[in-house]
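The residues making up each chain are set out below.
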Amino acid sequence: MKKLCKSIYLVLLITIAALCGCNEPEPIKALIISGQNNHNWKVSHLAIKAILENSGIFTTDIELTSPAGGDMSSFTPQFDKYDLVILDYNGDRWSAKTDSAFLKYVKKGGGVIVYHAADNAFAGWEEFNRIIALGGWEGRNEKSGPYCYVEDNKLKLDYSPGHGGSHGMQREYAMHCHNSKHPITQGLPDNWMHAKDEMYDSMRGPANIKDLLYSGKADRNTGGSGREEPLVFTVDYEKARIFHIMLGHCGPTLEENPAMQCTGFQTLLLRGAEWAATGKVTQPTPSDFPTDKKISLRKDYGMSYFNIGESNK
């Protein structure tokens, strides 16, 4: 009788364990697009992969295009296999087939992250410019859309002529929150110091920003516009959830890469990625988040943080 009771007890334990295992969320499937860029894509796409995978929430694949001037017809990612597409690309135009597949994915509600210089890409592609909302360089001017900046805590559009895209010297700078109730920013400080980075300014485009999350002051003394510039926002485009983050200028190596090693950048990337893929954010505010006076770096891209029990699940 005792043996029978023990057997039943073991079966119950195994059943409960199996049921608990079934409740574990499936990893979010992310695709990183890279391979050409005026920035150091050979480092940046690996840093993005490390940040996402070290969190334990994501699995990532990488699709690289051919080098500049190469055959783009062979670049045919299966976007619809993924919950999230991360754009770390600024280079030759994709093929018409790939353009069409990407637009189909986005319009059906796909999750997209526009990372840093990806908003320099495809200046002549109207739909892409609506997907990113604001872009710079590559011949952008008043025909591309208005300048967009923050004045009196509101977005202002400026239709005056001029080129689109600029930035001053790399420096540490303060980030200012405009929507503390959004899932991406909820629980994060309203003001915090970002590590040494470029600050994009004078960006132009359709300006179809849905939620302005963070901005920063482009200091004239360091070559900036002198305006409060939108730096982190979501985009209003079809059914898609699009997260645009202008932060994260890549350094020369994974070890020397402060803008991407910044805890604030990594936290926003992770939260923005989860939101773009699922519409919600389950991650709490990390204990090592920067303050309004001090930057914070994760030089191992979050590996030690997520492996010492500070779970983000």
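### Some details on the nonpolar core
Ranked by size, the top nonpolar core spans 84 residues in total, and within it Trp94, Phe102, Val232, Leu247 and Leu268 carry the most contacts. If you tally residues by element for this core, the top one is helix 6 (residues 263–278), at eight residues. Once residues lying within four places of it in the same chain are set aside, the contact partners of Leu247 are Tyr115, His116, Tyr173, Met175, Trp192, His194, Asp197, Leu231, Val232, Phe265 and Leu268.

### Digging into the side chain of Asp197
Structurally, Asp197 is set in strand 9 (residues 191–197). Ignoring sequence-local partners within four residues, the contact set of Asp197 consists of Met169, Gln170, Arg171, Tyr173, Leu247, Gly248, His249 and Ala259.

### With respect to the confidence of the model for the protein chain
Overall, the predicted model of the protein chain reaches an average pLDDT of 93, with 91% of residues at or above 70. Mean pLDDT per element in the protein chain: helix 1 (residues 2–22) is the minimum at 46, and strand 13 (residues 241–245) is the maximum at 99. The model gives residues 2–21 a pLDDT under 50, and that stretch makes zero contacts with residues more than four places away or in other chains. Scored below 50 in pLDDT, residues 309–313 shows eleven contacts in the model against residues more than four places distant or in partner chains.

### Digging into helix 3 (residues 96–107)
In a regular helix each residue adds 1.5 Å, so twelve residues correspond to 16 Å; helix 3 covers 16 Å between its end C-alpha atoms and thus fits that length. Residues of helix 3 that are buried include every one of Thr98, Asp99, Phe102, Leu103, Tyr105 and Val106, and no others. Buried residues of helix 3 fall within an arc of 160 degrees about the axis and therefore sit on the same side. In helix 3, the exposed positions angled more than 90 degrees off the buried face are occupied by Ala96, Lys97 and Lys104. Those residues of helix 3 that are buried are in contact with strand 3 (84–87), strand 4 (111–115), helix 4 (126–132) and strand 13. Of the residues trailing helix 3, Gly109 is marked for its positive phi of about 110 degrees.

### Quick word on the environment of Leu212
For Leu212, the location among the structural elements is in strand 11 (residues 209–217). Residue Leu212 is classed as buried on the basis of its relative accessible area, which comes to 11%. Once the C-alpha coordinates of Leu212 and Leu87 are considered, the two residues, 125 residues apart in sequence, prove to be 20 Å apart. Apart from the residues within four sequence positions on either side, Leu212 is in contact with Val150, Leu155, His178, Asn179, Pro230, Val232 and Phe233.

Scoring rules and cut-offs
Residues numbered from 1 in each chain as written. Predicted model: local features only at pLDDT ≥ 70, side-chain atom pairs only at ≥ 80, totals over all residues. Heavy atoms only, no water. Core = buried A, V, L, I, M, F, W, Y, C linked by side-chain atoms within 4.5 Å. Buried < 20%, exposed > 50% of the residue type's maximum accessible area, 1.4 Å probe, protein only. Helix = DSSP H or I, 4+ residues; strand = E, 2+ residues; numbered from the N terminus. Contact = heavy atoms within 4.5 Å. pLDDT = per-residue confidence, 0-100. Expected span 1.5 Å × (residues − 1). Arc of directions from axis to C-beta.

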